[in-house]
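What the coordinates show
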Amino acid sequence: MSTAMNFGTKSFQPRPPDKGSFPLDHFGECKAFKEKFMKCLRDNNFENTLCRKESKEYLECRMERQLMAQESLGKLGFRDLMDEESETKKNS
Amino acid sequence: MVPVKDRIIKVTFNADVHASLHWNFRPQQTEIYVVPGETALAFYKAKNPTDKSVIGISTYNVVPFEAGQYFNKIQCFCFEEQRLNPQEEVDMPVFFFIDPEFAEDPKMAKVDVITLSYTFFEAKEGHKLPVPGYN
């Protein structure tokens, strides 16, 4: 792919990510969670909605190993999964 | 943030390296289907096949251009130097969402595919790359 050619006056302005950069997982500490997530995608026609539990687990793995800043999972868009989890805990 | 469940968008992924960077860099999925307002995870993979440590830095692009304003990266591997040791291979995640307002924008009504492209450059001392936040 060649560099972007701007024929118009507008150009795409890349923005840095909200929460910065993920440190590299040099030792593959969360690789198993990534594999689980990728398998879920392959099994579900690459629909993200059906693999959110797996993506949450991957991010939790990172947080537990200092590979991601601690953040409330509700704030990362997983509030509905957290509510489900606490419902199950309550009923068991 | 409430997901707009009936508006499915296909996000496709491209990966590029600048000629002087000898990394193997590729997306781990060609596409993922998301809805606005729902956070999503995707992966790239990078390998340094050389026998020297190499530091890379990446930037990204979104097409169509007008969809870029709705593409929000919560966290990724871009805009900061990333060092790969000789023969090292790492997973590189992108955690993002498409703003729910995308579904309200009449100009976006016909947009069903958004393409995210990352390009890695070699980070060399004294070089200034046109990426935000790089110093």
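Refer to the structure above for everything that follows.
These remarks concern the structure in this document. (Residues numbered from 1 in each chain as written. Chains lettered and ligands numbered in written order. Predicted model: local features only at pLDDT ≥ 70, side-chain atom pairs only at ≥ 80, totals over all residues. Heavy atoms only, no water.)

Okay, the overall build of chain A next. Within chain A one finds 3 helices and 0 strands. In chain A, which comprises 92 residues, the share counted as buried stands at 36%. Taking contacts inside chain A between residues at least 6 apart in sequence as the whole, the part at least 24 apart equals 50%. Accessible surface computed for chain A: about 6,000 Å², of which carbon and sulfur atoms make up 51%. (Helix = DSSP H or I, 4+ residues; strand = E, 2+ residues; numbered from the N terminus. Buried < 20%, exposed > 50% of the residue type's maximum accessible area, 1.4 Å probe, protein only. Contact = heavy atoms within 4.5 Å. Areas by Shrake-Rupley, 256 points an atom, 1.4 Å probe, with all protein chains shown as cover.)

The next subject is the environment of phenylalanine 77 of chain B. Note on placement: phenylalanine 77 of chain B falls in the loop between strand E6 (71-75) and strand E7 (82-84). Other than its neighbours up to four places away in sequence, phenylalanine 77 of chain B contacts Ser21 of chain A together with Phe25, Tyr44, Ser58, Gln82, Met92, Pro93, Val94, Tyr118 and Phe120 of chain B.

Facing 45 residues of chain B, the contacting portion of chain A comprises 35 residues. At the boundary of chain B with chain A, total buried surface from both sides reaches about 3,600 Å², with 57% on carbon and sulfur atoms. Joining chain B to chain A, the criterion identifies 2 salt bridges. Our count for the contact surface shared by chain B and chain A stands at 12 residue pairs in polar contact (both at pLDDT 80 or more). Of all the secondary structure elements, the ones that give two or more residues to the side of chain B that touches chain A are strand E1 (9-17), strand E3 (31-34), strand E4 (40-47), strand E5 (54-63), E6, E7 and strand E8 (89-98) of chain B. (Buried area = accessible area lost by both parts, 1.4 Å probe. Salt bridge = Lys/Arg side-chain N within 4 Å of Asp/Glu carboxyl O. Polar contact = N/O pair within 3.5 Å; in protein donor to acceptor, adjacent residues only side chain to side chain.)

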